[in-house]
Amino acid sequence: MTADVIVIGAGFAGLYAVRRAVSTGLSVLGIEAAPDVGGTWYWNRYPGARCDVESVDYSYSFDEALQQSWTWSERFAAQPEILAYLRHVADRFDLRRHYRFGVDVIGAEFDQEAGGWRVRTRDISQGGESSHAAQFFVCATGCLSAVNRPDIPGADDFAGDVYFTAAWPREDPDLRGKRVGLIGTGSSGIQAVPIIAGQAERLVVFQRSANYSIPMPNRPWSAEEQRRIREEYPERRRMSAYASAGTPHGTYHKKALEADPDERIEALWRRWREGGVLFAKTFPDQNSDPAANDVAREFAEERIREIVHDPVVAADLIPVDHPIGTKRICTDAGYYATFNRDNVRLVNLRREPIDAIVPEGVRTGAATYPCDVLVFATGFDALTGALTRIDPSGPRGARLRDIWADGPVTFLGLMVPGLPNLFTISGPGSPSVLANMVLHAEVQVDWVIELMLTARRLGVHEVEPRRDAADAWTEHVAKAAEQTLFPKASSSWYLGANIEGKKRIFMPYAGGFGTYRRHCEAVADQNYAGLVLTTR
Ligand code: NAP
C-alpha cells in the first residue's frame, strides 16, 4: 500500500482530512490537480470573487491557536485572502509534503485482494500515468469543482479570447477597450459583472435565468471588532456547532405572517442591510410556506425596480421560475445598478435564445452581438460531477455512475453502497452547500477518521453501508426536501437542472446542519448501525 489513506483535493475539506489523518498516525497521500492548495479558491479567481459567508465563520475551528492567530481584514473575504489563509494553514501544519500537485485522478478501483483502493492518476504537465494504493479513499473533490462547459454550437469558431470564471487565468486578462460577452448570471456572473463593466468598453450579459441577489455590505473589520471576534470565538463556534446552517445567525423570532406588516418590513430591511445569504432566511417559515416566501420575494423585487432605471430591464432581471432562496441566493457589489450604465446591455435568452457562437461574437434569434472576449460564468456539474467523472468501481464491479443512475444513493451523504472504504466529503445527501462548508467539512472528516480508527482497532478491513440503510437515508433526504420549497426551483443546480441529461433530484440534505450532525453522532454511538464491517 502507498498509504493508509488517499485524499483527493487540497481545498478546505481535503486539507483538513490530511491534517486530521496525519495527526492520528495514519499515513496519507494527497492528490490535487492544481499546482498548489486552495481547491475552489485556487480556481475561482475571477474579478469580484468573494465568499458570501462572513470570514470569521468561513474558517477552520479545529485549532484554537490558528483561529486566534489569523486576522480577517474584511467582513466578507475576497478570494486572494481566502487563498492566503489556506496557504497559511498548509504551511502551519506542514501539509504540502503529503501532496502530489498537478495530478489528475483518472480512475479508481477497489482491489479486494489487496483490501483497498487503487487510484490511477495522470501527471497534468508530464502526461505520465501512475497508480497508488490505500485502504481508505477520501474524495474531498468539492461540490462545485467540475466545470460546466456548455456545448453551444460554434463555440470553437470564436475568434477572440475565452475565459471561464471557474478556471480564471492566474494573470488577470486585460479587458480594457474590449467588447466582452458574459454568459451566465449565477453567483459568479453576478459578482463579476460590475467589475468587468468598469473595465471593458462594452459588456453584454447573456441571461438564461434571472437570480435574486442581495447587496453585500462589505467593509473592513475595525481593530475593536477584530479584538472582540477573537474574544468571542469559542462562543461563536458553540452557537454554530448545531445551528441549521452552521453559523451563529438565527431567523426572526416570528413567522412571516405572524408579524404585522410594519414589523415584517422592518425585519426584511434589517436582513437586507446585513446582506449576504442570510436574507434567504429572514423568517423561519420563508423556505417552507409559499405565502411567507412571497413576503420576502416581493420585498426583494421592489428593490430591483428601485435600482434599475429602465423598467423593461428591471422586469427581465426579476426571476420568474423560483421562490426566493430556493436557488442559491446571490450576493453582489452593485450588480443591478450596473445595468444603468451606458456600456452594459442585458440580453434575455428566454426571449432570444443563443443560436450559435460565431467568430465575431454571439448570435441569438434576434441579433449578433460582436465580442472580443467571451466569459463563461456557466457554473458546475454540481455535487456529483467531480465524483462521477472519476467513476470509482467497487469489489463486485459496481460503478458509481451505475449506482447513481437514478440519482445519488448515499449513507449520510458520506458513503455509497457497493463502494467500501470510500468517503465523499460534502457529497450529495449531506447539507454541504446549504451549510457553512468549513465546519461541515470538519464534522464529516472527524466522523470518517474516527470510523477508520475504529476499523483499525477492531481489525476490520472493509466498511460499507448496507443498501437498505443507504436507501433509508436517501429517502430521508428526499422527505426533508419535500418539506421545503427547494424542489420548486425548476432551473436549479441543487436539482441538477443545469446539466443536460442529469437526473432531476434535490441533492443536498435540507434537514439542517445541526440535525445532520446529530444523525452522524447517533450512527457512531450505535456502533455504526447501518454499516457492514468486514474482516478478511
Ligand atoms: P450557477 O449558479 O450554476 O450559474 C450558472 C449560470 O450560467 C446560470 O445563470 C445558468 O443559467 C447559466 N448557463 C449555464 N449554461 C448555459 C448555457 N448553455 N447558455 C446560457 N446560460 C447558461 O454557477 P455559479 O454562478 O458559478 O455559482 C455556482 C455556485 O457556486 C453558487 O450558487 C454558490 O453556491 C457558489 N458560489 C458562491 C459564491 C460566493 O460565495 N459569493 C460565488 C460564486 C459561486 P440557468 O440558471 O438557466 O441554468
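Reading guide: rules and limits
- Throughout this description, residue numbers start from 1 for each chain and increase along the sequence as written.
- Totals for whole chains, interfaces and linings use all residues, but because this is a predicted model, local features are given only for residues with pLDDT of at least 70 and pairs of side-chain atoms are given and counted only at 80 or more.
- Based on all heavy atoms of the structure, the side-chain values leave hydrogens and waters out of the count.
- UniProt positions are given in the numbering used here, feature names are shortened, and annotations may be inferred rather than shown by experiment.
- Starting at the N terminus, helices and strands are each numbered in turn, a helix being any DSSP run of H or I of at least four residues and a strand any DSSP run of E of at least two.
- Expected span of a helix, by definition, is 1.5 Å for each gap between consecutive residues, and there is one gap fewer than residues.
- When a residue's accessible area, from a 1.4 Å probe over protein chains only, is under 20% of the maximum for its type it is buried; when over 50% it is exposed; and in between it is partly exposed.
- Any two residues whose heavy atoms approach within 4.5 Å are treated as being in contact.
- Any Lys or Arg side-chain nitrogen located within 4 Å of an Asp or Glu carboxyl oxygen qualifies as a salt bridge.
- Where each domain begins and ends is defined by an automated method or by a domain database.
- The term buried area denotes the loss of accessible surface (1.4 Å probe radius) that occurs when two parts are joined, taken as the sum for both partners.
- Contacts described as polar in this section are N or O atom pairs within 3.5 Å, which, within protein, must combine one atom able to donate a hydrogen with one able to accept it, while residues neighboring in sequence count only if both atoms come from side chains.
- Only Asp, Glu, Lys and Arg are considered charged in this grouping, and only Ala, Val, Leu, Ile, Met, Phe, Trp, Tyr, Cys and Pro are considered nonpolar; every other residue, Gly among them, is considered polar.
- In this analysis, rings of Phe, Tyr and Trp, with Trp reduced to its six-membered ring, are considered paired at centre separations within 6.5 Å, and the interplanar angle assigns stacked below 30 degrees, edge-to-face beyond 60, and tilted for intermediate values.
- For a lysine, the NZ atom is tested; for an arginine, the CZ atom; a charge sits over a ring if that atom is within 6 Å of the ring centre and within 35 degrees of the ring normal.

- Per UniProt, the comment on the chain under Cofactor (unreviewed entry) is "FAD".
- Recorded in UniProt for the chain, the comment headed Sequence similarities (unreviewed entry) runs: "Belongs to the FAD-binding monooxygenase family."

Structural notes on helix H7 (residues 261-274)
In step 1: Taking 1.5 Å per residue as the helical rise, H7 with its 14 residues ought to reach 20 Å, and the 20 Å between its terminal C-alpha atoms agrees with that figure.
In step 2: Residues of H7 that are buried: Glu263, Arg264, Ala267, Leu268, Arg271 and Trp272.
In step 3: Lining the buried residues of H7 we find strand S10 (213-215) and helix H8 (290-307).
In step 4: Two residues or fewer past H7, Gly275 is found with a positive phi of approximately 75°.

With respect to the pattern of salt bridges
In step 1: Across all of its chains, the model carries 40 salt bridges by this definition.
In step 2: Arg328 is paired through a salt bridge with Asp52; the nearest N and O atoms lie 3.0 Å apart. One end of the pair, Arg328, is in the loop between helix H9 (311-317) and strand S11 (330-332); the other, Asp52, is in the loop between helix H2 (40-43) and helix H3 (64-69), and 276 residues separate them in sequence.
In step 3: Among the residues examined, Arg328 registers a relative accessible area of 25% and is labelled partly exposed.
In step 4: Judged by relative accessible area, Asp52 falls into the buried class, the value being 12%.
In step 5: The salt bridge involving Arg305 is made with Glu302; its shortest N-O contact spans 3.3 Å. Residue Arg305 and its partner Glu302 are both found in helix H8; the two are separated by three residues, about one turn of the helix.
In step 6: Its relative accessible area of 43% is what places Arg305 among the partly exposed residues.
In step 7: By sharing partners, the salt bridges in this structure join Asp294, Arg297, Glu298, Glu301, Glu302 and Arg305 into a single network.

Topic: the domain arrangement of the chain
In step 1: Assigned domains within the chain: domain 1 (2-146 + 381-534) and domain 2 (147-212 + 252-285 + 288-379).
In step 2: The C-alpha-based centres of domain 1 and domain 2 are spaced at 29 Å.
In step 3: Counting residues at the interface gives 33 residues for domain 1, matched by 34 residues for domain 2.
In step 4: Looking at the side of domain 1 facing domain 2, the largest losses of area belong to Tyr46, Pro47 and Leu485, adding up to 26% of the total buried there.
In step 5: Counting across the domain 1 and domain 2 interface gives one salt bridge.
In step 6: At the junction of domain 1 and domain 2, the tally comes to 12 residue pairs in polar contact (both at pLDDT 80 or more).
In step 7: The residue makeup of the side of domain 1 that touches domain 2, split by class, is 16 nonpolar, nine polar and eight charged.

Points about the packing of aromatic side chains
Two descriptors summarise a pair of aromatic rings, namely the distance from one centre to the other and the angle between the planes of the rings.
In step 1: Summed over all chains, the structure comprises 35 aromatic pairs.
In step 2: Geometrically, the ring pair formed by Trp473 and Tyr509 is tilted, given 5.0 Å between the ring centres and 45° between the ring planes. Of this pair, Trp473 sits in helix H14 (residues 467-482) while Tyr509 sits in the loop between H14 and helix H15 (513-525); the two residues are 36 residues apart in sequence, bridging distant segments of the chain. Per residue, the accessibility class of Trp473 equals that of Tyr509, and both read buried.
In step 3: Each residue in the set Phe12, Tyr16, Trp41, Tyr58, Tyr60, Phe62, Trp70, Trp72, Tyr85 and Phe93 is aromatic and connected to the rest through ring pairs, giving one cluster.
In step 4: If you follow Arg149 out to its NZ or CZ, it ends over the ring of Phe164, 4.5 Å from the centre.
In step 5: Lying across the ring of Phe299, Arg303 places its NZ or CZ 4.4 Å from the centre.

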